[in-house]
Amino acid sequence: MTETVDRKTPAGEMVLSLRGISKSFGAVSALTDIDLDVHAGEVVALVGDNGAGKSTLVKTLAGVHQPTAGTITFRGQPVTMTDPSAALNLGIATVFQDLALCENLDVVANIFLGRELKPMQLDETAMEVRSWTLLNELSARIPSVRIPIASLSGGQRQTVAIARSLLLEPKLILLDEPTAALGVAQTAEVLNLIERVRDRGLGVIMISHNMEDVRAVADRIVVLRLGRNNGVFYPDATNQELVGAITGAVDNSVTRREERRHAEQQLSEGGQL
Amino acid sequence: MTGNVNDNALPAVMLDRSDERLKHEAGIGGAVRGFIDRVRSGDLGSLPVVVGLVLIWTVFASLNPIFLSSNNLVNLLFDCSTVGVIALGIVCVLMVGEIDLSVGSISGFASAIVGTLWVNQGWPVALAILAAVAVGGLIGSLYALLYNRLGMPSFVATLSGLLAVLGMQLYILGSTGSINLPYGSAMVNFGQMLVMPRLLAHVLAVVPGVVMLATGIRTISRRREANLSAPSLGSIVLRAVATTLVLEIIVLYLNQDRGIPWMFGLFVGLVMLMNYALTRTQWGRSMTAVGGNREAARRAGINVRRIYASAFVLCSMLAALGGVLSASRLASASQQAGTGDVNLNAIAAAVIGGTSLFGGRGNAYSALLGIIVIQSIANGLTLLDLSSSLRYMITGGVLAIAVIVDSLARRSRVSHGRA
């Protein structure tokens, strides 16, 4: 029991704190009154159904959207982010779902894109060394940093995208569906990567639809439903609790399906006997 | 264990050679094998255009031996420089995946401006040229405005620009229709006669090799210091010596006649400058990134609009400069300047030289190589006394082949993971 209590009070300082964040697009309220806290060295998973507002929230934190109401406190200071580079400069890095890598450029060029060393005479050697350092810190397995992104696998691209987000020494990393397009082994590697990022003392917000992945790495699970907070859970929460919070009812299509399968299983077991 | 490590010795595994899955090629043989590998996977670079050039020259030389005479080749270089400068601007817009169809009109307009201001209004020639190039830049910034703020596709914006700018050219030339530039003036001499002193040409031909050697050695020592793999000294020396040798032979051959035109020197200088800007500066990296994946570039914090604007403005300014050069070459600013095939020759040159129409892929040297191909065809057919009808057909065919090679190579790159 004590272990659970420990996990509920993370030791790291508060990195990000949202209070009453709302965002509306015309008549549609995408986010209403969202509260969210992230501490250093903590992985917070953001889960919710389609249209729950996860991506809108992440885009708000990345500076892509500006909130209609509410305050964002980053490392103790209230902040407003007018564009993506403002968020980057504050120390909030985002790995978007589509990774946003340039396939025609090599790994080094992608990691340093927009942040090249010596703009008038690119310092390729220093950039390559730094790229290797970043990738090795993540124990990444990239054969060469001088090959174009086009020749890398999905997991390797995810690694490059995460390494790039670490370049500016951020305090908070946002990962939008980092495992959505990946195979079993690559998913495991990315989850390892997320743990390594957390162990470096960074705050991590991760969006995922995959409950297994969420349980595997998250310290806290924040559920959004229809643009509102709908509960905070810990990895030891049951699947039923989580699904209930996500879909908004204990009786829903997911539970009904499970009950039906359960009943069918019992029936077939009964038939065998 | 620690006591045995020699500080000067390289660690057993270099930073970028620790993955056992990667094949490593070392030395001169490795460089050759690497080149063959790249070509087979569709990363053709300048290979098709070099092969094409050899073919074209062989055919024309066998049909008319005058074609390869140094006198004719010097003429060829004079002709290359004007449209070549325009093609260099086209490389810029193609890099970001856009197009400028009005470069011909802009060049014609620029020559008309120089003619009017200099000959009719009595401005100093330098100021007139500066004004023409500035007007080119203004037109480019208008395209950038239409593209960035109003979302007008560059294809349409520059197509309407083609007509509008042509109209302005006709308007300022007015009733006279053409303005003759005075023979014997510095500007006309530059376009028709001025060549480098022989010795200077030979000295300049050594420069690329020396620069290659110097940067190569610097790269090797810096990479060794950083514990990265480095190319072998042998391959760099070989490349530098080969380049110098080829350039010296060209200079020696052309010096048998008048020599290297200063105008061509200006063109090559601009090409080298552009090459540096595209490959070794943050701006060039951003251009490639925007051409490859615009959204990714935007999210990386690159000011995408500014990059597009720089491409359009640079293209229009170079087009204007090309127009000024062709006015000095023809010693006139006429209503015909910049019309006809100037537009398509410039675009064709960039594409034939290996700059992709799909954006994010290309280099400055493609303007140089491409325009030599195009002018060789024009020049060869003129020597054979064939009409321009045939010239258009053949140039069109070569352009089609170049685009086919580009698309096929692109498909092959995708399947080989080199896109």
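Residues numbered from 1 in each chain as written. Chains lettered and ligands numbered in written order. Predicted model: local features only at pLDDT ≥ 70, side-chain atom pairs only at ≥ 80, totals over all residues. Heavy atoms only, no water.

With that settled, consider the overall build of chain B. Helix and strand counts for chain B stand at 16 helices and 2 strands. A principal-axis box enclosing the C-alpha atoms of chain B has dimensions of 90 × 55 × 40 Å. Here the analysis covers contacts within chain B between residues at least 6 apart in sequence; of these, 79% occur between residues at least 24 apart. Just so you have it, chain B exposes about 19700 Å², and 67% of that area is on carbon and sulfur atoms. For chain B, the distance from the average position of its 28 positive side-chain charges to the average position of its 17 negative side-chain charges is 5 Å. (Helix = DSSP H or I, 4+ residues; strand = E, 2+ residues; numbered from the N terminus. Contact = heavy atoms within 4.5 Å. Areas by Shrake-Rupley, 256 points an atom, 1.4 Å probe, with all protein chains shown as cover. Lys, Arg positive; Asp, Glu negative; His and termini not counted. Charge placed at Lys NZ, Arg CZ, Asp CG, Glu CD.)

What follows is about the overall build of chain A. Along its length, chain A carries 10 helices and 10 strands. Taken over the C-alpha trace, chain A has a radius of gyration of 20 Å; the compact-globule value for 273 residues is 19 Å, and the two agree within 12%. Here the C-alpha coordinates of chain A stretch approximately 75 × 50 × 45 Å along the principal axes. Residue burial in chain A is summarised as follows: out of 273 residues, 51% are buried. For chain A, contacts bridging at least 24 residues in sequence account for 63% of all contacts bridging at least 6. Distance between charge centres in chain A, computed from 26 positive and 33 negative side chains, equals 3 Å. (Rg over C-alpha atoms; globule rule 2.2 N^0.38 Å. Buried < 20%, exposed > 50% of the residue type's maximum accessible area, 1.4 Å probe, protein only.)

For the rest of this paragraph, the subject is the interface of chain B and chain A. At the interface, 29 residues of chain B touch 36 residues of chain A. Each partner contributes to the roughly 3000 Å² buried at the junction of chain B and chain A, and carbon and sulfur atoms together form 54% of this total. Looking at the side of chain B facing chain A, the largest losses of area belong to B:Gln282, B:Arg285 and B:Arg299, adding up to 23% of the total buried there. The tally of links between chain B and chain A comes to 4 salt bridges. Its salt-bridge partner being B:Arg299, residue A:Asp98 comes within 3.0 Å of it at the nearest N-O pair. Joining chain B to chain A, the criterion identifies 12 residue pairs in polar contact (both at pLDDT 80 or more). When residues of the side of chain B that touches chain A are traced back to their parent elements, those giving at least two are α8 (198-225), α10 (262-280), α11 (282-292) and α12 (294-299) of chain B. (Buried area = accessible area lost by both parts, 1.4 Å probe. Salt bridge = Lys/Arg side-chain N within 4 Å of Asp/Glu carboxyl O. Polar contact = N/O pair within 3.5 Å; in protein donor to acceptor, adjacent residues only side chain to side chain.)

Consider a sheet: its strands pair through backbone hydrogen bonds, and that pairing is either parallel or antiparallel. All names here are of chain A. Judged by pairing direction, the sheet is antiparallel, and its 4 strands sit side by side in the order β2-β1-β4-β5 without closing on themselves. At either end of the open sheet lies a strand with only one pairing partner, and these are β2 (28-39) and β5 (77-79). Strand after strand, the sheet turns through a mean of 25° between neighbouring axes, direction not considered. As paired elements, strand β1 (residues 14-25) and strand β4 (residues 69-74) share 5 bridges and run antiparallel to each other. Each residue of the ladder has a partner; that of leucine 16, found in β4, is phenylalanine 74. Across the sheet, helix α2 (residues 54-61) is in contact with β1 and β2; its angle to β2 comes to roughly 65°. (Pairing = 2+ DSSP bridges. Axes fitted to C-alpha atoms, helices over the stretch in contact; angles between N-to-C directions.)

Quick look at the sheet that holds strand β9 (residues 220-225) of chain A now. All names here are of chain A. Strand order in the open sheet formed by 6 strands is β6-β7-β8-β3-β9-β10, and the pairing between neighbours is mixed. What marks the edges here is a single partner per strand, and that holds for β6 (92-95) and β10 (228-233). Direction aside, the axes of adjacent strands within the sheet are offset by 20° on average. Of the pairings in the sheet, the one linking strand β3 (residues 43-47) to β9 comprises 4 bridges and is parallel in character. Bridge pairing links valine 47 to valine 223 in β9. Against the sheet, helix α6 (residues 154-166) makes contact with β6 and β7 (172-176), and its axis sits at roughly 170° relative to β6, the strand it touches most. Across the sheet, helix α9 (residues 239-247) lies against β3, β9 and β10, angled at about 30° from β9, the strand it touches most.

Residues and elements named next belong to chain B. For the pair α8 and helix α9 (residues 233-255), interaxial distance at closest approach is 9 Å and the crossing angle is 170°. By the angle between their directions, the pair α8 and α9 is classed as roughly antiparallel. Where α8 approaches α9, its residues Arg198, Ala201, His202, Ala205, Val206, Pro208, Gly209, Met212, Leu213, Gly216, Ile217 and Ile220 are matched on the opposing element by Leu233, Ile236, Val237, Arg239, Ala240, Thr243, Thr244, Leu247, Glu248, Val251, Leu252 and Asn255. When grouped by side-chain class, the residues that make up the contact of α8 with α9 number 15 nonpolar, 6 polar and 3 charged. (Parallel < 35°, antiparallel > 145°, perpendicular 65-115°, else oblique. Nonpolar A, V, L, I, M, F, W, Y, C, P; charged D, E, K, R; others polar.)

This next bit is on unusual backbone geometry. Residue and element names in this part refer to chain A. For aspartate 33, which is not a glycine, the phi torsion comes out positive at approximately 55°. Turning to its location among the elements, aspartate 33 is positioned in strand β2. Backbone geometry at arginine 75 places phi at a positive 50°, although glycine is not the residue there. Examined against the element boundaries, arginine 75 turns out to sit in the loop between β4 and β5.

All names here are of chain A. Counting buried positions along β3 gives 5 out of 5 residues, so the element sits mostly inside the fold. Of the two faces of β3, the one holding Val43, Ala45 and Val47 and the one holding Val44 and Leu46 are both buried throughout. Relative to strand β8 (residues 203-207), β3 runs parallel, the two being bridged by 4 bridges. Each residue of the ladder has a partner; that of valine 43, found in β8, is valine 204.

It is worth spelling out helix α6 (residues 154-173) of chain B at this point. All names here are of chain B. Counted at 1.5 Å a residue, the expected span for α6 with its 20 residues is 28 Å, and the 27 Å between its end C-alpha atoms agrees. Within α6, the full set of buried residues consists of Ser154, Ala157, Thr158, Gly161, Val165, Gln169 and Leu173. Against α4 (103-120), α5 (125-150), β1 (178-180), α13 (304-330) and β2 (332-334) lie the buried residues of α6. With its phi angle positive at about 60°, glycine 174 sits one or two positions after the end of α6. (Expected span 1.5 Å × (residues − 1).)

Keep in mind these numbers describe shape, not what the thing actually does.
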